[in-house]
Amino acid sequence: MIIFNGKALAIEIKSQIAEEIKKLNKKLKLAVILVGQNPASELYVRNKEKSCKDVGIDFELIRFSENCKQNEIIKKIKELNKKSEITAILLQLPLPINFNEREIIETISPDKDVDCLTQTNFGRLALGISDFAPCTATGIIEILKANKIAMQGKRVVVVGRSALVGLPTQLLLTKNNATVTLCHSKTQKLKKITKKADILVVAIGKPKYITKKYVKKHAVVIDVGINKVDGKICGDVDFSSVKKKTHLITPVPNGVGQMTVAMLLKNILLLNLKKS
Ligand code: NDP
């Protein structure tokens, strides 16, 4: 049984990215928009800032209070779209419920949409025109490749269908010739479906929901979930009981989350390459 070490792979990827950034004759800069004071979002944004600085990418945080008007955020994004020194824009999700997330996302110029969430960029991914994809989905594919886990012909089950994680992960796995079943909260007899998976990806936001009863022997289990229970971080998979059954499992923390940040840096670089 292998416990994937996200930290080690992320360090390796980050050092390659830092080398590539040194070779550019241009500064890259990420602008992050943070609305409200969600503690998890605050932590993710701090991690993103540190990682950008580690590899030589400039970083700007733009904060809005949760009582601000949607138009103020839209106006700011339009300004950022025009600024040549800003090469990537990230809207930290989720937004507080009083905002129209889709409308704000669509304001981001596709050339700067580092999370691949605009209709243009997501549509290109869905149609197979582009490999540029949301960071967590790309990170999951990197984990499988780095551990020489073949995807072609494999039965893969993805639990969770969000535009940020589940849906793009399904698209990338399909592109890699896996046979993918996408499950969600209305799926009937989930256990019966996940039990058949050679590779099981879980992104539901329900602490330790997936127990060993959901998992096939020797499966690869990718746990995307980040939950806090009694002050401790845990995934959507009941790690201690499930790990014994698996060929490979990603822990939480130090699993997929590390790769998401590494892939964010890669996406910042890719946006620049797409333009030049
Ligand atoms: P969303 O809330 O947007 O989506 C959750 C998905 O899970 C939905 O499709 C929902 O179904 C499905 N779902 C919820 N409960 C169940 C259930 N009991 N059985 C089957 N499906 C269920 O969450 P995200 O996709 O944004 O995030 C998921 C988790 O991943 C969270 O814990 C989040 O914190 C974490 N995350 C981790 C990242 C990382 O880097 N490691 C990056 C991004 C997120 P339905 O559509 O029917 O409502």
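Data block above holds the structure.
Residues numbered from 1 in each chain as written. Predicted model: local features only at pLDDT ≥ 70, side-chain atom pairs only at ≥ 80, totals over all residues. Heavy atoms only, no water.

### A word on the nonpolar core
Now for step 1: Grouped together as the largest cluster of nonpolar side chains are 54 residues, with contacts concentrated most on Leu-30, Leu-173, Ile-222 and Ile-268.
Now for step 2: In terms of residue count, helix H10 (residues 256-275) provides more of this core than any other element does, nine residues in total.
Now for step 3: Ignoring anything within four residues of it in the chain, the contact list for Leu-30 reads Cys-52, Ile-57, Asp-58, Phe-59, Glu-60, Ala-88, Ile-89, Leu-90, Val-114, Leu-264 and Ile-268. (Core = buried A, V, L, I, M, F, W, Y, C linked by side-chain atoms within 4.5 Å. Buried < 20%, exposed > 50% of the residue type's maximum accessible area, 1.4 Å probe, protein only. Helix = DSSP H or I, 4+ residues; strand = E, 2+ residues; numbered from the N terminus. Contact = heavy atoms within 4.5 Å.)

### Let's talk about unusual backbone geometry
Now for step 1: The omega torsion across Leu-93 and Pro-94 is 0 degrees, close enough to zero to call that bond cis.
Now for step 2: Mapping Pro-94 onto the fold places it in the loop between strand E4 (88-91) and helix H4 (101-105).
Now for step 3: Look at the link from Val-252 to Pro-253: it is a cis peptide, with omega at 0 degrees.
Now for step 4: Its location among the elements puts Pro-253 in the loop between strand E11 (248-249) and H10.

### Examining the side chain of Asp-238
Now for step 1: Of note, Asp-238 is situated in the loop between strand E10 (232-234) and helix H9 (239-242).
Now for step 2: Lys-208 provides the closest opposite charge to the buried, salt-bridge-free Asp-238, at an N-O distance of 5.0 Å.
Now for step 3: Residues in contact with Asp-238, not counting those within four places in the same chain, are Lys-208, Ile-210 and Thr-211. (Lys, Arg positive; Asp, Glu negative; His and termini not counted. Salt bridge = Lys/Arg side-chain N within 4 Å of Asp/Glu carboxyl O.)

### Some remarks on the pairing of strand E7 (residues 199-202)
The side chains of a regular strand alternate between the sheet's two faces.
Now for step 1: Side chains Ile-199 and Val-201 project from E7 onto one buried face, and the interleaved Leu-200 and Val-202 project onto a second face that is buried too.
Now for step 2: In the sheet, strand E5 (residues 155-159) pairs with E7 via four bridges, with the strands oriented parallel. Note that in E7 the partner of Val-158 across the bridge is Val-201.
Now for step 3: Of the strand pairs in this sheet, E7 and strand E8 (residues 220-223) are connected by four bridges, and their pairing is parallel. Following the sheet pairing, Val-202 is matched in E8 by Asp-223. (Pairing = 2+ DSSP bridges.)

### What to know about the site of the ligand
Now for step 1: The environment of the ligand is made up of 20 residues, and the closest members are Arg-161, Ser-162, Ser-185, Lys-206 and Thr-260.
Now for step 2: His-184 places a polar main-chain atom, nitrogen or oxygen, 3.4 Å from a nitrogen atom of the ligand.
Now for step 3: In the environment of the ligand, an oxygen atom lies 2.6 Å from a nitrogen or oxygen atom belonging to the side chain of Thr-260.
Now for step 4: Protein chains bury 73% of the 940 Å² of accessible surface belonging to the ligand in isolation.
Now for step 5: Here the shell around the ligand takes three residues from H10, the largest share from any one element.
Now for step 6: Of the residues in the shell around the ligand, the class split is eight nonpolar, 10 polar and two charged. (Near = heavy atom within 4 Å. Polar contact = N/O pair within 3.5 Å; in protein donor to acceptor, adjacent residues only side chain to side chain. Areas by Shrake-Rupley, 256 points an atom, 1.4 Å probe, with all protein chains shown as cover. Nonpolar A, V, L, I, M, F, W, Y, C, P; charged D, E, K, R; others polar.)

### Some words on the sheet that holds strand E3 (residues 58-64)
Now for step 1: What the three strands build is an open sheet, ordered E3-E2-E4; its pairing is parallel. The open sheet has two free edges, formed respectively by E3 and E4, since each of these has just one partner strand. Strand-to-strand twist of the sheet, defined as the mean angle between neighbouring strand axes without regard to direction, takes the value 20 degrees.
Now for step 2: As judged from the seven bridges shared by strand E2 (residues 29-35) and E3, these two strands associate in the parallel manner. Bridged to Leu-34 within E3 is Arg-63.
Now for step 3: Contacts between helix H2 (residues 39-55) and the sheet are confined to E2, E3 and E4, with E3 contributing the most and set at about 160 degrees to the helix. (Axes fitted to C-alpha atoms, helices over the stretch in contact; angles between N-to-C directions.)

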